Amino acid sequence: MDTNELTRPATWQETLLALGTFLIFPLGFLIALLLVPFLNAPIEPDLGLGITLAVIGILLIVMVAGWVQSFPRWVFPYWGFILTITLYMWKFTGTIAGYQVRGNWWAWTPLVGIAVVGSLWAWSLQPVVALFKSIWRDWTLLSFAFYGALPLLFFAAYDEVHNEGPVLAVIMLALVAGIVFYMRTETTWHRLASLVGGFTAGWIILMIHQSLYWNGRQDFWMPRLGSWTETLNWTSRMGAMLMLILVAPMLIELLRLALKSRRAPKSAG
């Protein structure tokens, strides 16, 4: 990433590329709707697994391309998305599409593969050096990476909710708006405000909807009837935790200011 990219608004092409991880679920849902009329039975688990692996493969290719281009701004959400899947699969134990899966070190293989292929393709570690320099200049890139994991976290929060499609669509629109504003703004604080605004809007929708959904409802796994106050409590705490992670890279700015203030007297002397 060049210095100019850190200070200019992204092009609409770059903005569209940044939306990749947020378009996966809507496109997957659309593809499923198109396939169902041509199938005699619901989509087979192996087919679903194959589609999932194909999508992840495309994401990995995009990430390699981003590595070779010295980590342009639009690639950061992909890293947050894939890293979240990696961390989940690392500790996962269960069944996927009828296959018994036990997480282990192998879950990190795709990320290691990206590093190896990207380094060989670029034939240097210059992209990695450029990555750290870019994060030092614009720490919101780390927030942007975490923002890319939000679709997975929102969908996980709706794992036990039925007929969640319309609400998740509205939430995704709020998150997409945050990305568009982030990519099209020029200053660090405006970029952070875009991400905070998108996440806040999406999470407020989640809090209101789930509080209404679980109030007076009791599924088989629940020890008692749900209440809106209890749901509002846990969603508020979870939202606050995610918000802290989102804004945590601000500590880099504080570090920069501290180093700058220490150098200032020496320069004056």
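Residues numbered from 1 in each chain as written. Predicted model: local features only at pLDDT ≥ 70, side-chain atom pairs only at ≥ 80, totals over all residues. Heavy atoms only, no water.

Participant: Describe the overall build of the chain, listing the residues and the values that go with them.
Facilitator: Scanning the chain from N- to C-terminus turns up 13 helices and two strands. Per-residue burial over the chain gives 38% buried out of 269 residues. Contacts spanning at least 24 positions in sequence make up 72% of the contacts within the chain whose residues lie at least 6 apart. (Helix = DSSP H or I, 4+ residues; strand = E, 2+ residues; numbered from the N terminus. Buried < 20%, exposed > 50% of the residue type's maximum accessible area, 1.4 Å probe, protein only. Contact = heavy atoms within 4.5 Å.)

Participant: Break down the layout of surface pockets for me, with residues and values.
Facilitator: Counted as a void, the second largest pocket has a volume near 390 Å³. Around the second largest pocket, the lining is made up of 17 residues, and of these F76, W79, L131, I135 and L142 lie nearest the centre. Only α5 (76–90), α6 (109–122), α7 (126–137) and α8 (140–147) provide two or more residues apiece to the lining of the second largest pocket. Per-class residue counts for the lining of the second largest pocket are 16 nonpolar, one polar and no charged. (1 Å grid on protein atoms, 1.4 Å probe; cavity = no way out; pocket = protein on both sides within 12 Å on 5 of 7 lines; lining within 4 Å. Points joined across faces, edges and corners; volume = space filled by probe spheres on them. Nonpolar A, V, L, I, M, F, W, Y, C, P; charged D, E, K, R; others polar.)

Participant: Which residues make up the environment of L19, and what are the values?
Facilitator: Turning to its location among the elements, L19 is positioned in the loop between α2 (12–18) and α3 (20–35). Here L19 falls in the buried class, since its relative accessible area comes to 10%. In the structure, L19 is positioned 56 residues away from V75 in sequence and 9.5 Å away in space, judged by C-alpha atoms. Excluding residues that lie within four positions of it along the chain, L19 makes contacts with V176 and I179.

Participant: Now, about helix α11 (residues 188–214): what can you tell me, with residues and values included?
Facilitator: Taking 1.5 Å of rise per residue, the 27 residues of α11 would be expected to cover 39 Å, and the 39 Å separating its terminal C-alpha atoms lies within 8% of that figure. A positive backbone phi angle near 80 degrees is found at G216, which sits one or two residues after α11. (Expected span 1.5 Å × (residues − 1).)

Participant: A description of the packing of aromatic side chains should follow, citing residues and the corresponding values.
Facilitator: Tallied over the entire structure, the rule returns 13 aromatic pairs. Aromatic pair F71 and W79: ring centres 6.0 Å apart, planes at 45 degrees, arrangement tilted. Each member of the pair, F71 together with W79, is buried. Ring pairing ties together the aromatic residues W67, F71 and W79, which thus form one cluster. (Phe/Tyr/Trp six-rings, centres within 6.5 Å; stacked < 30°, edge-to-face > 60°.)

Participant: So, unusual backbone geometry: which residues are in play, and what are the values?
Facilitator: Not every positive phi belongs to a glycine, and S70 is a case in point at roughly 65 degrees. Mapping S70 onto the fold places it in the loop between α4 (45–68) and α5. On the basis of relative accessible area, S70 is assigned to the buried category, the value being 17%. A positive phi angle, close to 60 degrees, is found at F71, a residue other than glycine. Mapped onto the secondary structure, F71 falls in the loop between α4 and α5.

Participant: Would you mind going over the environment of T200 in detail, with residue names and values included?
Facilitator: The topology assignment puts T200 in helix α11. Linking T200 and G239, residues 39 residues apart in sequence, is a C-alpha distance of 8.3 Å. A distance of 2.6 Å separates the side chain of T200 from the backbone oxygen of V196, its partner in a polar contact. (Polar contact = N/O pair within 3.5 Å; in protein donor to acceptor, adjacent residues only side chain to side chain.)

Participant: Residue-level account of the pattern of salt bridges, with values.
Facilitator: A full pass over the atoms with the stated rule returns three salt bridges. Residue D138 is joined to R191 by a salt bridge in which the shortest nitrogen-to-oxygen separation is 2.6 Å. A residue pair is termed long-range when its members are at least 10 positions apart, and D138 in the loop between α7 and α8 and R191 in helix α11 qualify at 53 residues. Residue D138 is classed as buried on the basis of its relative accessible area, which comes to 2%. R191 sits in the buried class, given a relative accessible area of 0%. E253 is the salt-bridge partner of R256, the closest N and O atoms lying 3.6 Å from each other. Placement of both R256 and E253 in helix α13 (residues 250–268) is noted, with a separation of three residues, approximately one turn of the helix. (Salt bridge = Lys/Arg side-chain N within 4 Å of Asp/Glu carboxyl O.)

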